[in-house]
Amino acid sequence: MNLKQKALLEQGVFYPRVVDPRVAVEADHHFAAIALIGKPEGWREEESDADVEPIETWNELCKELNDYKGTSVLSSEMLCELLVPQIQKVKNETKADEKDVIFTIRPLVKILPSAYQQKIKFGQIKVSYEKWLEQVFDPNRASSAAQQFWLRHDYPAVLQRWIDVFSIEHVGLVVADEKNREFLFETFNQLLHLKPGTLKQFKNVGTNRSLTIDEGALLMEVNRLYRKHRDWTDYKIFIREGAAKYLTDSDNKSSETQKLVTPQWAIDAALEVTRKHIEQIKALNIRIIGDVDSLALASVPNGENHIPDVIPVKTAARMFLAYSREDIVKRLPNDVLFAEVKIRL
């Protein structure tokens, strides 16, 4: 939606942009959501109040939403992590006469490899996919990995939290059609009363594809070593929004490279959870667009992963190509830029 703001506004739909206060550039609603949650972005070796995303980020976005007199949109997957008091804050502080909450959902079995790789790209994972899956599906959910995953992906619980605040009549669910990538876009075009094709998949924007085994192994080794020497800000600039983004925003990978596969036991566990989720979601009696039963029919490649000790030179070379002077300067925090200017002056 960020890239279609002008087209949306012409049709009476406002998608406000957020300015990341640390770098003074436009960002998505992710930052406002983590401000509501009250946590920092990414990881910190020693978390402090100064690391937490300032609540002003939410306040400024909320003001923009309230100032617009037509349909306004707030959108971030991080909103799934809000607890009831934080959801109540969203309801109380947004002033629209009518507020609808619409979730999208994909098959849990497909979320697993995607969620794991997102953690790699945020520098939050140092263990293998198999070990992470064992933590996620531990019945006690004792690990931080399990707690973080299910806070967002225990779909009935997420829906119930929002129903408790907004009521059944104002919470809905759109089930993604894995065979039709345009389904979600066209569904939201209809929900927002937009012209067909207003929201659509961009072809010339980064693909954000999955990591290959080689790429994942490379970033995993970076993650194991990085915190010994640098902090999150450096990681975000050079790895998260540098090397990792460059790798997955391009299709320049060998046809012979392997992708992450999921062990059969984890697929079975995910499908078992999914079947329970489907029944719980149906029992909520909310509006559902799409085929919720299809969530239990999804499949992913299964097998064992063999993590290489050696990676192709081309993979390493593509990682170095991520660094351009213009992009790095844009990502540098304001305090870093001001300090450098002061030194040079």
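Just above sits the structure.
Residues numbered from 1 in each chain as written. Predicted model: local features only at pLDDT ≥ 70, side-chain atom pairs only at ≥ 80, totals over all residues. Heavy atoms only, no water.

Quick word on the overall build of the protein
Helix and strand content of the protein: 15 helices and seven strands. The burial tally for the protein puts 43% of its 345 residues in the buried class. The contacts in the protein between residues at least 6 apart in sequence include a share of 74% that link residues at least 24 apart. When the accessible surface of the protein is totalled, it reaches about 19,300 Å², and 52% of it is carbon and sulfur. (Helix = DSSP H or I, 4+ residues; strand = E, 2+ residues; numbered from the N terminus. Buried < 20%, exposed > 50% of the residue type's maximum accessible area, 1.4 Å probe, protein only. Contact = heavy atoms within 4.5 Å. Areas by Shrake-Rupley, 256 points an atom, 1.4 Å probe, with all protein chains shown as cover.)

Describing the pairing of strand 6 (residues 171–175)
Burial within strand 6 is extensive, with five of its five residues counted as buried. Burial along strand 6 is two-sided: the residues Val171, Leu173 and Val175 and Gly172 and Val174 are all buried. In terms of strand pairing, strand 5 (residues 101–105) meets strand 6 through five bridges, oriented parallel. Among the inter-strand pairings, Ile105 is bridged to a residue of strand 6, identified as Val175. Sheet topology note: the strand 6/strand 7 (residues 287–289) ladder contains three bridges and is parallel. Bridge pairing in strand 7 links Leu173 to Ile288. (Pairing = 2+ DSSP bridges.)

Side note on the side chain of Glu215
As for its position among the elements, Glu215 is in helix 10 (residues 213–226). Within the local environment of Glu215, its side chain forms a polar contact with the backbone nitrogen of Thr212, the two atoms lying 2.9 Å apart. (Polar contact = N/O pair within 3.5 Å; in protein donor to acceptor, adjacent residues only side chain to side chain.)

Overview of the environment of Leu219
Here Leu219 is to be found in helix 10. Separated by 25 residues in the primary sequence, Leu219 and Ala244 have C-alpha atoms spaced 7.6 Å apart. Setting aside its immediate chain neighbours within four residues, Leu219 contacts Ile120, Lys121, Leu211, Ile239, Ala244 and Met319.

With respect to the nonpolar core
As a rule of thumb, soluble globular proteins bury nonpolar side chains together. Within the largest apolar cluster, 79 residues are counted, with the highest numbers of intra-cluster contacts made by Phe103, Trp132, Phe137, Phe149 and Trp162. Looking at this core element by element, the count peaks at nine residues for helix 12 (residues 264–284). Apart from residues no more than four positions distant in its own chain, Phe137 is found in contact with Leu112, Trp150, Trp265, Ala266, Ala269, Ala270 and Val273. Listed in part, the nine residues of the second largest apolar core include Leu8, Val13, Val73 and Leu194. (Core = buried A, V, L, I, M, F, W, Y, C linked by side-chain atoms within 4.5 Å.)

Notes on the packing of helix 5 (residues 108–121) against helix 11 (residues 232–248)
Where helix 5 contacts helix 11, the axes come no closer than 10 Å and their chain directions differ by 135 degrees. Of the possible angle classes, the one that applies to helix 5 and helix 11 is oblique. Residue-level contacts link Gln118, Ile120 and Lys121 of helix 5 to Tyr235, Arg240, Ala244 and Thr248 of helix 11. Tallied by class, the residues present in the contact of helix 5 with helix 11 amount to three nonpolar, two polar and two charged. (Axes fitted to C-alpha atoms, helices over the stretch in contact; angles between N-to-C directions. Parallel < 35°, antiparallel > 145°, perpendicular 65-115°, else oblique. Nonpolar A, V, L, I, M, F, W, Y, C, P; charged D, E, K, R; others polar.)

Some remarks on a nonpolar patch on the surface
On the surface, Val329, Leu337 and Phe338 cluster together to form a nonpolar patch covering roughly 280 Å² of accessible area. As for its placement among the helices and strands, Phe338 is situated in helix 15 (residues 334–344). Exposure remark for Phe338: the relative accessible area of 60% places this residue in the exposed category. (Patch = residues over 30% accessible without salt bridge, like charges linked within 9 Å, V, L, I, M, F, W, Y side chains within 5 Å. Salt bridge = Lys/Arg side-chain N within 4 Å of Asp/Glu carboxyl O.)

Remarks on the packing of aromatic side chains
All chains considered together, the criterion is met by ten aromatic pairs. Pairing Phe149 with Trp150 gives two aromatic rings, centres 4.9 Å apart and planes at 90 degrees, and the pair type is edge-to-face. A residue is classified by how much of its surface remains accessible, and Trp150, at 5% relative accessible area, is buried. Grouped by ring-pair contacts, the aromatic residues Tyr116, Tyr129, Trp132, Phe137, Phe149, Trp150 and Trp265 constitute a single cluster. Sitting over the ring of Trp150, Arg141 keeps its end group 4.2 Å from the ring centre. (Phe/Tyr/Trp six-rings, centres within 6.5 Å; stacked < 30°, edge-to-face > 60°. Lys NZ or Arg CZ within 6 Å of the ring centre and 35° of its normal.)

Side note on helix 3 (residues 55–67)
Between the first and last C-alpha of helix 3 there are 18 Å, a value that for 13 residues agrees with the 18 Å anticipated at 1.5 Å per step. Residues of helix 3 that are buried include every one of Thr57, Trp58, Leu61, Cys62 and Leu65, and no others. Down the axis, helix 3 shows its buried residues gathered within 125 degrees of arc, on one side only. Residues of helix 3 that are exposed and point more than 90 degrees away from the buried face comprise Glu60 and Lys63. (Expected span 1.5 Å × (residues − 1). Arc of directions from axis to C-beta.)

Brief notes about the packing of helix 6 (residues 129–136) against helix 7 (residues 144–153)
Following both chains from N to C, one finds helix 6 and helix 7 inclined at 70 degrees, their axes separated by 7 Å at the closest point. The angle between the axes of helix 6 and helix 7 places the two elements in the roughly perpendicular class. Packed against helix 6, whose contacting residues are Trp132, Gln135 and Val136, the element helix 7 presents Ala145, Ala146, Phe149 and Trp150 at the interface. Its residues assigned to classes, the contact of helix 6 with helix 7 shows six nonpolar, one polar and no charged.

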